[in-house]
Amino acid sequence: FDFSVIQTQTVGSMVPTRDFCAKLKQLNSNHRIILRLAPITGAIPKYFFEPFYRRGLIEYYTDLINNAGAENVYAVTIGEEENGNFVSGLWWRDTPPDWIEAYRVPFERETGKKLTWVNAVCGNQDFLEWLRPKIRFFYNDVYTQLKSRFPELKVLQYLSIARSGAGISWHEPGEIMA
């Protein structure tokens, strides 16, 4: 094979080792390894609002790349399905997800609007639009942090469109650096 896309986990022990990756490269010197760097659902607002979480996630990604051997890794994907999974939880629900409550105060302070849930079809469009720059920040900052540590590494963005088709998880070309 010419490519391996290796899933990494935020929990458990699915972490590719340097030896494993080197063996793949020995089988085919042109082999390219891509690591799927997947955060836990809910990483986007945590990454934006909690510097401790932000540092921890970047350290975790850095450790995964170093563990696999940066010299063995052709590219990584960032965010994976996080955006689509995260945002899809905001649609087709009669009530908001529990985690939204943690962001009520910053939403209301920044927008001057009350956080209400309109209905199961559209949730709260104002909340989704409030998240849009935080989503961009997540992807662009992770890209910048990884490129500063591994300049030769290709950093790919894997965007999963929200299942509702609302498009909130998609951004215009050029808004996302990866």
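Heads up: the structure comes first, above all this text.
Figured I'd write up the structure that's included with this text. (Residues numbered from 1 in each chain as written. Predicted model: local features only at pLDDT ≥ 70, side-chain atom pairs only at ≥ 80, totals over all residues. Heavy atoms only, no water.)

1. Description of the overall build of the protein
Summing up its helical and strand segments, the protein has six helices and four strands in all. Listing every helix and strand of the protein by position from the N terminus yields β-α-β-α-α-β-α-α-α-β. Buried residues in the protein amount to 43% of all 178 residues. Within the protein, residue pairs in contact and separated by at least 24 positions form 74% of the contacts whose partners lie at least 6 positions apart. Counting only carbon and sulfur atoms, one obtains 55% of the accessible surface of the protein, whose full area is about 9,500 Å². (Helix = DSSP H or I, 4+ residues; strand = E, 2+ residues; numbered from the N terminus. Buried < 20%, exposed > 50% of the residue type's maximum accessible area, 1.4 Å probe, protein only. Contact = heavy atoms within 4.5 Å. Areas by Shrake-Rupley, 256 points an atom, 1.4 Å probe, with all protein chains shown as cover.)

2. Overview of helix α6 (residues 125-149)
With 25 residues, α6 ought to run about 36 Å at 1.5 Å a step, and its terminal C-alpha atoms sit 36 Å apart, in line with that. Arg132 marks the point of greatest bend in α6, at about 30 degrees, and the proline Pro133 comes within the next four residues. (Expected span 1.5 Å × (residues − 1). Bend = angle between axes of the 7 residues up to and from the residue.)

3. Points about the sheet that holds strand β2 (residues 32-37)
Strand order in the open sheet formed by four strands is β1-β2-β3-β4, and the pairing between neighbours is parallel. Of all strands in the sheet, those bounded by a partner on one side alone are β1 (3-7) and β4 (154-157). Direction aside, neighbouring strands of the sheet carry axes that sit 25 degrees apart on average. In terms of strand pairing, strand β3 (residues 73-78) meets β4 through four bridges, oriented parallel. Residue Ala75 lies in a different strand from β4, and its bridge partner there is Lys154. Of the strands in this sheet, β2, β3 and β4 touch α6, which is tilted by about 160 degrees from β3. (Pairing = 2+ DSSP bridges. Axes fitted to C-alpha atoms, helices over the stretch in contact; angles between N-to-C directions.)

4. Topic: the pairing of β1
With burial as the criterion, only one face of β1 is covered, namely that bearing Ser4 and Ile6; the residues Phe3, Val5 and Gln7 on the opposite face remain uncovered. Of the strand pairs in this sheet, β1 and β2 are connected by five bridges, and their pairing is parallel. Bridge pairing in β2 places Ser4 opposite Ile33.

5. What to know about the side chain of Lys134
Locating Lys134 in the fold gives a position in helix α6. Among the polar contacts listed, one links the side chain of Lys134 to the side chain of Glu110, at a separation of 3.3 Å. When near neighbours in sequence (up to four residues on either side) are disregarded, Lys134 contacts Ile44, Phe48, Phe49 and Glu110. (Polar contact = N/O pair within 3.5 Å; in protein donor to acceptor, adjacent residues only side chain to side chain.)

6. A look at the pairing of β2
In this sheet, β3 lies alongside β2 in parallel orientation, the contact comprising five bridges. Following the sheet pairing, Ile33 is matched in β3 by Val73.

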